[in-house]
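As a plain string of letters, each chain reads:
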Amino acid sequence: MDQYVIKGGTPLCGEVEIGGAKNAALAILAAAVMADETITIENLPNVRDINVMLQAIENIGAHVERVDVHTVKINGALIHGFTVDNEYIRKIRASYYLLGALLGKYKNAEVALPGGCAIGSRPIDLHLKGFRALGAEVEIRHGMVAASAKDLHGTHIYLDKVSVGATINIMMAASLAKGRTTIENAAKEPHVVDVANFLNCMGASIRGAGTDVIRISGVERLHKAEYSIIPDQIEAGTFMFAAAATGGDVTVKNVIPKHLEATTAKLLEVGCRVEEFDDAVRVMACHPLHHTQVTTLPYPGFPTDMQPQMGIVLGLSSGTSTITESIFENRFKYVDELAKMGANIKVEGNIAIIYGVDRYTGARVSAPDLRAGAALVIAGLAAEGITTVDDIYYIERGYEAFDEKLRKLGGQIQKVSSEKEIQKFKLKIS
């Protein structure tokens, strides 16, 4: 089983290039099968979830050509099956995007119930509500979601709560429905806008993405397109918090600073200096870091995917901080692991009360999910001594060449697969 072994205590300094947004890419890959012509997608992150989605698309008959690690060509003309199910697709959350794509194009889809990180309840009832409103019959049977319709027709849909997945899924299906569809209380995240822009490049008619109300006029077909995925705001934020936690000076390049405003605001509150450029952000850490309060909210609020990384920084900040998690109820699973490194955090319901400590100390910890795993790596980089992070396959689901990028910033981190390799690393850095 692969692990990261880390020697902490070195400030991260330098420049890091941010890849394409995983959450946008997964939905865009699903949407690409809706055309019978070749779609070219660039700036694709080379991470495990992306490769699983590409395999699923290929399995139902779509032609997939991997031009290079960050570019793919997809043609959905030869799709011969509408059932998506294998042991890998069940492990990623975004499998449900193939429901909206296949239902929109073929009026028929059957997809395994999604998996992903165990960060809390993530029901798909709003997705199903949207499909039914468009005229589909939907049922769950044998661990699969089945949706079918003679025709899809435009309608008015109000989402009871903001849902990124439901917004994107309904948007895809409605793009090929007859008439006009309005989605109210829609999610406004950057990757919702990116998917809408991609569909529009294919010939869809979507207006209002990025606002509370999205209006879609159905079209008969979608056509070929070339598209480049937006930068990953969560990967960018992870490196920004890594700079703060390690007392470093890091410039994250290939980003859209507007997407990082909530992250930047919190870094300023804890005392860091932040410089923004057209497509880059520089974070210069301070000492000591200051306490603050954080509440996770849908975009443009503070993202839940950045909450564990923020927790690492606040654990090293003077005074008492709080994090209120309003999105997922199991987002604090990293706290028990961080306690092994000397953190002083008390969780009460959906609130973490964080008493700042002077330093973390190295320990053996386990990544409970994708973002928490990345956060524990940051803690290891900031800690005194050696830290080993187990279950790094979670991290590899969403971060490309994570250890390599950290090493370029001066981080002492190595991916290992045996105790012998750990001892070799220790000898190397001693």
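Residues numbered from 1 in each chain as written. Predicted model: local features only at pLDDT ≥ 70, side-chain atom pairs only at ≥ 80, totals over all residues. Heavy atoms only, no water.

Undergrad: Where do I start with the packing of aromatic side chains in this structure?
TA: One pair of aromatic rings is described through two measures. These are the centre distance and the angle between the planes. Scanning all chains against the criterion turns up eight aromatic pairs. Aromatic pair phenylalanine 82 and tyrosine 106: ring centres 4.8 Å apart, planes at 40°, arrangement tilted. In this pair, phenylalanine 82 sits in the loop between β5 (71-75) and β6 (83-84) while tyrosine 106 sits in helix α3 (residues 97-106), placing the two residues 24 residues apart along the sequence. What makes phenylalanine 82 partly exposed here is its relative accessible area of 26%. Measuring from centroid to centroid gives 4.8 Å for tyrosine 399 and phenylalanine 402, while their planes differ by 35°, and the two rings are tilted. Each member of the pair tyrosine 399 and phenylalanine 402 is classed as buried. Cluster of aromatic residues (ring-pair linked, three or more members): Phe239, Tyr399 and Phe402. (Phe/Tyr/Trp six-rings, centres within 6.5 Å; stacked < 30°, edge-to-face > 60°. Helix = DSSP H or I, 4+ residues; strand = E, 2+ residues; numbered from the N terminus. Buried < 20%, exposed > 50% of the residue type's maximum accessible area, 1.4 Å probe, protein only.)

Undergrad: Please clarify how the layout of surface pockets should be interpreted in this entry.
TA: Over the atoms rolls a probe the size of a water molecule, and in doing so it shows where empty space is left. Roughly 380 Å³ of internal volume is contained in the second largest pocket. Lining the second largest pocket we find 22 residues, and of these Ala245, His287, Leu316, Asp358 and Arg359 sit closest to its centre. Elements supplying a minimum of two residues to the lining of the second largest pocket: α7 (233-246), β20 (317-318) and α11 (370-382). If one sorts the elements of the lining of the second largest pocket by residue count, α7 sits on top with three residues. Here the residues of the lining of the second largest pocket sort into 11 nonpolar, eight polar and three charged. (1 Å grid on protein atoms, 1.4 Å probe; cavity = no way out; pocket = protein on both sides within 12 Å on 5 of 7 lines; lining within 4 Å. Points joined across faces, edges and corners; volume = space filled by probe spheres on them. Nonpolar A, V, L, I, M, F, W, Y, C, P; charged D, E, K, R; others polar.)

Undergrad: What's the story with the pattern of salt bridges in this structure? I'm lost.
TA: Between side chains of opposite charge, pairing is possible as soon as their charged atoms come close. For the structure shown, the criterion picks out 28 salt bridges. In this structure, lysine 188 engages aspartate 212 in a salt bridge whose closest nitrogen and oxygen atoms are separated by 3.4 Å. Here aspartate 212 lies in the loop between β12 (205-207) and β13 (213-217) and lysine 188 lies in the loop between β11 (180-184) and α6 (190-201), a separation of 24 residues in the sequence. A relative accessible area of 41% means that aspartate 212 is categorised as partly exposed. (Salt bridge = Lys/Arg side-chain N within 4 Å of Asp/Glu carboxyl O.)

Undergrad: Would you mind going over the environment of phenylalanine 302 with me for this structure?
TA: Here phenylalanine 302 is to be found in the loop between β19 (293-295) and α9 (307-315). A residue is classified by how much of its surface remains accessible, and phenylalanine 302, at 5% relative accessible area, is buried. The sequence separation of phenylalanine 302 and glycine 247 amounts to 55 residues, and the corresponding C-alpha distance is 22 Å. Non-local contacts of phenylalanine 302, meaning those with residues more than four positions away in its chain, are made with Phe241, Ala262, Thr263, Lys266, Val294, Thr295, Thr296, Leu297, Gln307 and Met310. (Contact = heavy atoms within 4.5 Å.)

Undergrad: Please explain helix α8 (residues 261-269) as it appears in this structure.
TA: Because the α-helix completes a turn every 3.6 residues, residues three or four places apart line up on one side. Residues Ala262, Thr263, Thr264, Lys266 and Leu267 constitute the buried set of α8. In this structure, the buried side of α8 is in contact with α7, β16 (273-276), β17 (280-284), β19 and α9. Downstream of α8 by one or two residues, glycine 271 has phi in the positive range, about 110°.

Undergrad: Help me understand the nonpolar core, please; the structure alone is not making it clear to me.
TA: The nonpolar side chains of a soluble globular protein tend to be buried with one another. Formed by 85 residues in total, the largest nonpolar core has its most connected members in Leu29, Ile41, Ile74 and Leu199. Counting 68 residues, the second-largest nonpolar core is a separate cluster that includes Leu12, Val252, Ile354 and Ile392. (Core = buried A, V, L, I, M, F, W, Y, C linked by side-chain atoms within 4.5 Å.)

Undergrad: Just to check I follow, could you spell out unusual backbone geometry for this structure?
TA: Leaving glycine out, the prevailing phi sign among residues is negative, and the prevailing peptide bond configuration is trans. For the peptide bond that leads from histidine 287 to proline 288, omega is 0°, which places it in the cis range. Secondary-structure assignment places proline 288 in the loop between β17 and β18 (289-290). Note that the residue after tyrosine 299, namely proline 300, is joined by a cis bond; omega there is 15°. On the secondary structure map, proline 300 appears in the loop between β19 and α9.

Undergrad: Where do I start with the sheet that holds β12 in this structure?
TA: By way of backbone hydrogen bonds, the strands of a sheet pair with one another, either parallel or antiparallel. The mixed open sheet is built from four strands, whose spatial order is β10-β11-β13-β12. Edge positions in the open sheet fall to β10 (156-158) and β12, since each of these has one partner strand only. Within this sheet the neighbouring strands show an average axis-to-axis angle of 15°, counted without direction. Sheet analysis places β11 next to β13, joined by five bridges and oriented antiparallel. Following the sheet pairing, threonine 181 is matched in β13 by isoleucine 216. Docked against the sheet, helix α5 (residues 164-175) engages β10, β11, β12 and β13, running at close to 20° with respect to β13. Packed onto the sheet, α6 meets β12 and β13 and runs at close to 150° relative to β12. (Pairing = 2+ DSSP bridges. Axes fitted to C-alpha atoms, helices over the stretch in contact; angles between N-to-C directions.)

Undergrad: Is there a simple way to explain α3 in this structure?
TA: Counted residue by residue, α3 has nine buried out of 10 residues, so it is predominantly covered. Those residues of α3 lying buried are Tyr97, Leu98, Leu99, Gly100, Ala101, Leu102, Leu103, Gly104 and Lys105. Remark: lysine 107 follows α3 within two positions and exhibits a positive phi of approximately 65°.

Undergrad: Looking at this structure, how should I read the environment of phenylalanine 277?
TA: Positionally, phenylalanine 277 belongs in the loop between β16 and β17. In the structure, phenylalanine 277 is positioned 22 residues away from valine 255 in sequence and 9.4 Å away in space, judged by C-alpha atoms. In this structure phenylalanine 277 touches Pro257 and Arg282, once residues within four positions along its chain are discounted.

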